[in-house]
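# Structure at a glance
Here's the letter readout for the chains.
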Amino acid sequence: MVKHVFITKPGDRVRMEPKDEYPHAPEAVSNFNESAYFNIYDGAQKVGGWFRIGNRVNEGHAEVTICLYFPDGTAGFMFQKAKIDSNTAFDAGGARFDIIEPYRKLRVTYQGEILMLADPNALLDPGKAFKENPKQPCAVDLHYTGISPIYGGEHLNPDGSPIDLDLNHALARAHFEQHVKAQGTIRVGDQTWTVSGYGLRDHSWGPRYWQNIHWYRWLPISFDESFGAMLMTTGTREGELDCGGMILNNGEYELITECTIESDWDENFHQTALRAWAKTERGEYHITGKVITLVPVRNRRQLDNGEWLHTRITEAMTEYRYQDKVGYGLSEYCDQIIDGVPVGRNIAAAR
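Residues numbered from 1 in each chain as written. Predicted model: local features only at pLDDT ≥ 70, side-chain atom pairs only at ≥ 80, totals over all residues. Heavy atoms only, no water.

### Some points on empty space enclosed by the protein
Going by this rule: Grid points spaced at 1 Å over the protein atoms alone were grouped into cavities, where a 1.4 Å probe fits but cannot get out, and pockets, open sets with protein on both sides within 12 Å along at least five of seven lines, with lining residues defined by an atom within 4 Å of a point. Grid points are joined across faces, edges and corners, and a volume is the space filled by probe spheres set on the points. Runs of H or I in DSSP of at least four residues are treated as helices and runs of E of at least two as strands, each being numbered from the N terminus. Only Asp, Glu, Lys and Arg are considered charged, only Ala, Val, Leu, Ile, Met, Phe, Trp, Tyr, Cys and Pro nonpolar, and every remaining residue, Gly among them, polar.
Throughout the structure, instances matching the rule amount to two cavities of 30 Å³ or more. Counted as a void, the largest cavity has a volume near 60 Å³. Together, Glu21, Ala36, Tyr37, Phe38, Phe90, Phe97, Ile99, Leu106, Arg201, Asp202 and His203 line the largest cavity. Those elements giving two or more residues to the lining of the largest cavity turn out to be strand 3 (32-42), strand 8 (95-101) and strand 13 (191-207). Here the residues of the lining of the largest cavity are counted per class, giving seven nonpolar, one polar and three charged. A volume near 30 Å³ is recorded for the second largest cavity.

Next up, the structure:
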């Protein structure tokens, strides 16, 4: 049974209730976003993926993303801005996320098409990729079970009032994550996989522009039902660094107090391998990662003056190792693109 414990940094005042599993009343800002995300990887079959619905009801659409990783190194991908007129459900573009029991049981389904990418790097030019690569019918039906406490919630002022957010820097008003296991089916064309594996989910709500964060490295990792991790490092335009996350150890979360992520890169500045270190009150953890398949995605936003802002996110299914354990998860690296260069490139070179 999942403990209904909400883990945050010491001294934080955080609100989290079962009703927060469900969509919230939109705030009166144009960029209000409520999103839910799930990933899974079946290490035995080398099949997995991640699924996101981001409701931007004040803009009239939901961002719906389906990304699948196949045993031969190819990938399936679909993104669409599906019309919505309310924020009452995660149900758009053929994808649907259902809360069966808060914190405990959830379901992810998708019925639609998937773009088949023999070379996932084709998405470096998404317009061309969608024109030149075939689509196949796709059906996903996955049942998720929470296997950890909840990490996060809505951060409040010391008096319990909501925090005033800077719309030019905020990514969310509230955010929580949880390690999960999942089983179900993934069908593409005439091939069906019955999958069983581990992963991580998250849920956030509040104002969001993807361009509000300079760069980050996010590692959601699962080894088995009792051991996993989430590490995140971030950097600001002013050069400030921060890190956080947790280690899942025998059903409990240990908060990370210090961590580093060092990466190897290819010619596209895509991560190919990494070495992560994390420290908690209980000890230190050294985890290595080797990228299996990487899918590059992007987000663009046009300013009122006509200027385009460009964010790149590399979504890599990654094999992780800790001591004698082998696990899987994503390595998600986000960089703003300035003058054609990912901002994290200079940070990596400096190290």
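### A few points about the nonpolar core
Keep this limit in mind: Working definition of a nonpolar core: buried Ala, Val, Leu, Ile, Met, Phe, Trp, Tyr and Cys residues. They are joined through side-chain atoms within 4.5 Å. A 1.4 Å probe rolled over the protein chains alone gives each residue an accessible area, and that area as a share of the maximum for its type sets the label: buried under 20%, exposed over 50%, partly exposed in between. Note on definitions: a residue-residue contact is assigned when non-hydrogen atoms from the two residues lie within 4.5 Å.
With 33 residues, the main nonpolar core has Phe51, Leu68 and Tyr144 as its most contacted residues. Once residues within four sequence positions are removed from consideration, Tyr144 is found in contact with Phe38, Asn39, Ile40, Phe51, Arg104, Lys105, Leu106, Val108, Val180, Lys181 and Ala182. By size, the runner-up hydrophobic cluster in this structure holds 28 residues, among which are Ala129, Leu248, Val295 and Cys334.

### With respect to the confidence of the model for the protein
Rules: Every residue carries a pLDDT, the predictor's confidence in it, which falls somewhere between 0 and 100.
Averaged over all residues, the pLDDT of the protein equals 93, while 95% of them reach at least 70. Note that residues 1-7 has pLDDT below 50 and, in this model, 25 contacts with residues that lie over four places away or in other chains.

### As for the pattern of salt bridges
Rules: A carboxyl oxygen of Asp or Glu within 4 Å of a side-chain nitrogen of Lys or Arg is what we treat as a salt bridge.
Per the stated rule, a full pass over the model turns up 21 salt bridges. A salt bridge links Glu17 to Arg15; the shortest N-O distance between them is 3.4 Å. With a shortest N-O distance of 3.5 Å, Lys181 and Glu225 are connected by a salt bridge. Within this pair, whereas Lys181 is found in strand 12 (residues 174-188), its partner Glu225 is found in the loop between strand 14 (215-224) and strand 15 (227-235), the two being separated by 44 residues in sequence. Taking relative accessible area as the criterion, Glu225 reaches 38% and is therefore assigned partly exposed.

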